[in-house]
Amino acid sequence: RRIEDLSALTADPVTKLKLLHYPPHTSKDVRQFGAGAHRDFGLLTILLQQPGKDGLQVFHPPTKEWLSVPAVEDVFVVNIGDLIKKWTDGQFASTLHRVINAVDGDRYSVPCFYEGDPTATNPFREDEGDGETVEMHIRRKLDMSYGM
Ligand SMILES: O=C(O)CCC(=O)C(=O)O
Ligand SMILES: [Fe+2]
């Protein structure tokens, strides 16, 4: 499909900006994280980390290792979400990631979740796939995570 065909996806997008605060990590419990392992729901997440406050880790499936993503000044981390994974039949995989506030003191981060136009359906396929809209997808993911 042509790139212009993606315009339905970006016509009137829903974006969420979260301001996150992770207190110092004091727990000795290895099962505890600032944010447990998850994949973001939507299209793309653009994440600003506080410089020097490492803590974000992404899972690398080939080696089954968790890799640290350094928090570098003026650098954004871009995460692929579940919606892209679904719409590209897994060609672009959503990253499994988690946060542990490893450095002393508080950690702040600012993720921006770009979900796309809630009425859009799969723009990568002529037949629109299963017809699920962005809104239906996000609601389904919220239901699964929080029983909403
Ligand atoms: O705080 C971070 O670095 C990542 C936050 C995150 O993964 C999320 O809010 O979905
Ligand atoms: Fe996330």
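Everything numeric here is computed off the predicted structure, so don't read it as measured data. (Residues numbered from 1 in each chain as written. Chains lettered and ligands numbered in written order. Predicted model: local features only at pLDDT ≥ 70, side-chain atom pairs only at ≥ 80, totals over all residues. Heavy atoms only, no water.)

Trainee: Tell me about the coordination of the iron ion (ligand 2), and please be specific about residues and values.
Mentor: Tetrahedral coordination by four donors sets the ideal angle at the metal to 109.5 degrees; octahedral coordination by six donors sets it to 90 or 180 degrees. Donor atoms from the polypeptide that coordinate the iron ion (ligand 2) comprise H38 (NE2), D40 (OD) and H97 (NE2), at 2.1 to 2.2 Å from the metal. Coordination of the iron ion (ligand 2) draws on donor residues from a single chain, spaced H-x1-D-x56-H in sequence. Highlighted residues: H38 in strand 3 (residues 35–38) and H97 in strand 8 (residues 97–99), separated in sequence by 59 residues. (Donors = N, O, S within 2.8 Å, 3.2 Å for Na, K, Ca; no water. Helix = DSSP H or I, 4+ residues; strand = E, 2+ residues; numbered from the N terminus.)

Trainee: So what about the layout of surface pockets? Which residues, and what values?
Mentor: Quantified by volume, the largest pocket comes out at close to 580 Å³. Along the walls of the largest pocket sit 28 residues, with K18, H38, R39, D40 and F113 positioned nearest its centre. Among the secondary structure elements, those contributing two or more residues to the lining of the largest pocket are strand 2 (20–22), strand 3, strand 4 (44–49), strand 8, strand 9 (107–116) and helix 3 (134–146). Looking at side-chain class alone, the lining of the largest pocket contains twelve nonpolar, eight polar and eight charged residues. For the second largest pocket, the calculated volume is near 170 Å³. The wall of the second largest pocket is formed by ten residues, among which V14, E135, I138, R139 and L142 lie closest to the centre. The element that contributes the greatest number of residues to the lining of the second largest pocket is helix 3, accounting for five residues. Class assignment for the residues of the lining of the second largest pocket results in six nonpolar, no polar and four charged. (1 Å grid on protein atoms, 1.4 Å probe; cavity = no way out; pocket = protein on both sides within 12 Å on 5 of 7 lines; lining within 4 Å. Points joined across faces, edges and corners; volume = space filled by probe spheres on them. Nonpolar A, V, L, I, M, F, W, Y, C, P; charged D, E, K, R; others polar.)

Trainee: Tell me about the site of ligand 1, and please be specific about residues and values.
Mentor: In the vicinity of ligand 1, the residues found are K18, L20, Y22, H38, D40, L47, H97, V99, R107, S109, P111 and F113. For ligand 1, an oxygen atom lies 3.2 Å from a polar atom in the side chain of D40. Between S109 and ligand 1, the recorded distance is 2.7 Å, taken from a side-chain N or O atom to an oxygen atom. For ligand 1, whose unbound accessible area comes to 300 Å², protein coverage reaches 94%. (Near = heavy atom within 4 Å. Polar contact = N/O pair within 3.5 Å; in protein donor to acceptor, adjacent residues only side chain to side chain. Areas by Shrake-Rupley, 256 points an atom, 1.4 Å probe, with all protein chains shown as cover.)

Trainee: Provide a residue-level description of the nonpolar core, including the pertinent values.
Mentor: L9, F41, L43, L83, I84, W87, A120, V134 and I138 form the largest nonpolar core, which has nine residues in total. Elements with a minimum of two residues in this core: helix 2 (82–87) and helix 3. The leading source of residues in this core is helix 2, at three residues. Ignoring any residue separated from it by four or fewer positions in sequence, one finds F41 in contact with G81, D82, L83, H137, I138, K141, L142 and S145. Y22, L56, V58 and V99 belong to the second-largest nonpolar core, a separate cluster that totals eight residues. (Core = buried A, V, L, I, M, F, W, Y, C linked by side-chain atoms within 4.5 Å. Buried < 20%, exposed > 50% of the residue type's maximum accessible area, 1.4 Å probe, protein only. Contact = heavy atoms within 4.5 Å.)

Trainee: I'd like a rundown of the sheet that holds strand 8, residues and numbers included.
Mentor: On the basis of which strands lie adjacent, the open sheet formed by four strands has the order 3-8-5-6 and antiparallel pairing. A strand with exactly one partner marks an edge of an open sheet, and here the two such strands are strand 3 and strand 6 (65–68). When strand polarity is set aside, the average angle formed by the axes of neighbouring strands in this sheet is 25°. Bridge analysis of strand 3 against strand 8 gives two bridges, and the strand direction is antiparallel. Paired with H38 across the strands is H97, a residue of strand 8. (Pairing = 2+ DSSP bridges. Axes fitted to C-alpha atoms, helices over the stretch in contact; angles between N-to-C directions.)

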